[in-house]
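An overview of the molecular structure
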Amino acid sequence: MNRIVNAPGLAEPVGFAHAVVAGPGRTVYLGGQTAQDANGRIVGSTVAEQFDQAAGNVVTALAAAGASPEQLVSLVIYTTDVPAYKAALTELGPVWRKHFGRHYPAVALLGVAALFDEEAMVELVGTAVMPA
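Overview of the sheet that holds strand β5 (residues 106-111)
In spatial order, the strands read β3-β6-β4-β5; together these four strands make up an open sheet with mixed pairing. Edge positions in the open sheet fall to β3 (25-29) and β5, since each of these has one partner strand only. Direction aside, neighbouring strands of the sheet carry axes that sit 10 degrees apart on average. Here strand β4 (residues 72-79) runs beside strand β6 (residues 122-131); their pairing, made up of seven bridges, is antiparallel. What sits directly across from Val76, in β6, is Val125.

As structure tokens, this is what we get:
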């Protein structure tokens with residue numbers, strides 16, 4: 001279905017893929033997911049805690065659309081604190097695997113000044129391709 005491509009001549013990717021060739025199927029575009037709980041409150045006081053909730057929300061949205069985490073082809077991570085995100089990488093690895101396994105789509109990390117919810121430190125925006 002979807003094929004991970006890690007380009008020769010580029011640095012070895014760690015926790016992401018250089019490219020993903022999406023197989024034929026239906027595309028699911030996810031709205032931005034922050035650390036909102038079911039009541040709309042931001043939960044978690046650290047980047048890792050908020051990423052955990054946001055990643056869980058991504059998986060929930062995927063399931064509602066009939067998709068699964070291994071069908072993610074792209075994930076954009078927005079954070080209001082890139083240094084804190086980098087400092088939390090040791091904690092983020094197990095959190096990633098909890099929600100996405102060892103599947104690494106094309107990923108970008110972008111630092112932003114703010115997110116819609118003032119308390120939010122992380123927002124995830126993904127695209128998945130489900131088999132036809």
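A look at the pattern of salt bridges
Scanning all chains against the criterion turns up two salt bridges. Its salt-bridge partner being Lys98, residue Asp52 comes within 3.1 Å of it at the nearest N-O pair. With Asp52 in helix α1 (residues 47-64) and Lys98 in helix α3 (residues 89-100), this pair connects stretches of sequence that are 46 residues apart.

A look at the nonpolar core
Ranked by size, the top nonpolar core spans 24 residues in total, and within it Phe51, Leu62, Ile77, Phe100, Val122 and Leu124 carry the most contacts. Counting only elements with at least two residues in this core, the list comes to α1, β4, α3 and β6. With seven residues, the top contributor of residues to this core is α1.

Some words on the environment of Pro94
Note that Pro94 resides in helix α3. Classification of Pro94 by relative accessible area gives partly exposed; the value is 45%. Along the backbone, Pro94 and Gly23 are 71 residues apart, and their C-alpha atoms lie at a distance of 28 Å.

What about α1?
Side chains that are three or four residues apart share a direction in an α-helix, a result of its 3.6 residues per turn. Between its terminal C-alpha atoms α1 stretches 25 Å, which fits the 26 Å expected from 18 residues at 1.5 Å a residue. Close packing links the buried residues of α1 with β4, α2 (82-87), α3 and β6.

About the thresholds
- Residues numbered from 1 in each chain as written.
- Predicted model: local features only at pLDDT ≥ 70, side-chain atom pairs only at ≥ 80, totals over all residues.
- Heavy atoms only, no water.
- Pairing = 2+ DSSP bridges.
- Helix = DSSP H or I, 4+ residues; strand = E, 2+ residues; numbered from the N terminus.
- Axes fitted to C-alpha atoms, helices over the stretch in contact; angles between N-to-C directions.
- Salt bridge = Lys/Arg side-chain N within 4 Å of Asp/Glu carboxyl O.
- Core = buried A, V, L, I, M, F, W, Y, C linked by side-chain atoms within 4.5 Å.
- Buried < 20%, exposed > 50% of the residue type's maximum accessible area, 1.4 Å probe, protein only.
- Expected span 1.5 Å × (residues − 1).
- Contact = heavy atoms within 4.5 Å.

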